[in-house]
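# Close look at the chain arrangement
Chain residues, written in single-letter form:
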Amino acid sequence: MEILSPVWSSAVEGPAAKRRLRGLAGAMVAIVDDNLDIPFTTRLETLLAERAGATVKRLVKPSGTAPSPPSLIEEAARADVAVVGVGL
């Protein structure tokens, strides 16, 4: 029998934490778009830009129900904030 643990080993170090933002004005916000509800993500993008003053980068997954490819995850990680896994 094989037992799998969902907890990472303490030897594995993740990326360094980013600085905490005081607001979204001037921040780069990545939206990982699963392409399943285009009106919702379009509205979210508009509100983040117009009301919060953020620069928004929309990253569209090739398939909405499949995991994001590593390149997309890496691109989202370069942003100041990432919106991922929005449940509707």
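Residues numbered from 1 in each chain as written. Predicted model: local features only at pLDDT ≥ 70, side-chain atom pairs only at ≥ 80, totals over all residues. Heavy atoms only, no water.

### Some points on the overall build of the protein chain
Quick note on the threshold: Strands are runs of DSSP state E lasting at least 2 residues, helices are runs of H or I lasting at least 4, and numbering of each runs from the N terminus. Each residue gets one of three labels from its accessible area relative to the maximum for its type: buried under 20%, exposed over 50%, partly exposed in between, using a 1.4 Å probe on protein chains only. Only heavy atoms matter for contacts: two residues are in contact if any of them lie within 4.5 Å across the pair. A 1.4 Å probe and the Shrake-Rupley method give the accessible areas. Residues count as covered only by the protein chains that appear here.
Each helix and strand in the protein chain was counted, giving two helices and three strands. Taking all 88 residues of the protein chain together, the buried fraction comes to 19%. Nonlocal contacts in the protein chain, meaning residues at least 24 apart in sequence, comprise 71% of its contacts between residues at least 6 apart. Counting every atom, the protein chain has about 6,900 Å² of accessible surface; 58% of that belongs to carbon and sulfur.

### Points about the sheet that holds strand β1 (residues 28-33)
In plain terms, the rule: A pair of strands is considered paired only if DSSP assigns at least 2 bridges between the two. Fitting a line to C-alpha atoms yields each axis, with helices limited to the stretch in contact; the angle taken between N-to-C directions then spans 0 to 180 degrees.
Ordered in space as β2-β1-β3, the three strands form an open sheet in which the pairing is parallel. Unpaired on one side and paired on the other, β2 (55-60) and β3 (81-83) mark the two borders of the sheet. Going across the sheet, the axis of each strand differs from the next one's by a mean of 20 degrees, ignoring polarity. Here β1 runs beside β2; their pairing, made up of six bridges, is parallel. Bridged to I31 within β2 is R58. Running over the sheet, helix α1 (residues 38-50) touches β1, β2 and β3 and is turned about 160 degrees from β2. Across the sheet, helix α2 (residues 70-77) is in contact with β1, β2 and β3; its angle to β2 comes to roughly 170 degrees.

### Let's talk about the pattern of salt bridges
For clarity, the threshold we go by: Any Lys or Arg side-chain nitrogen found within 4 Å of a carboxyl oxygen on Asp or Glu counts as a salt bridge.
A full pass over the atoms with the stated rule returns three salt bridges. The residue R58 makes a salt bridge to D33 at a minimum N-O spacing of 2.9 Å. With a gap of 25 residues between them, R58 in strand β2 and D33 in strand β1 connect regions that are remote in the sequence. With a relative accessible area of 25%, R58 lands in the partly exposed category. Residues E75 and K57 are paired through a salt bridge, measuring 2.8 Å at the closest nitrogen-oxygen approach. Of the two residues, E75 sits in helix α2 while K57 sits in strand β2, which places them 18 residues apart along the sequence.

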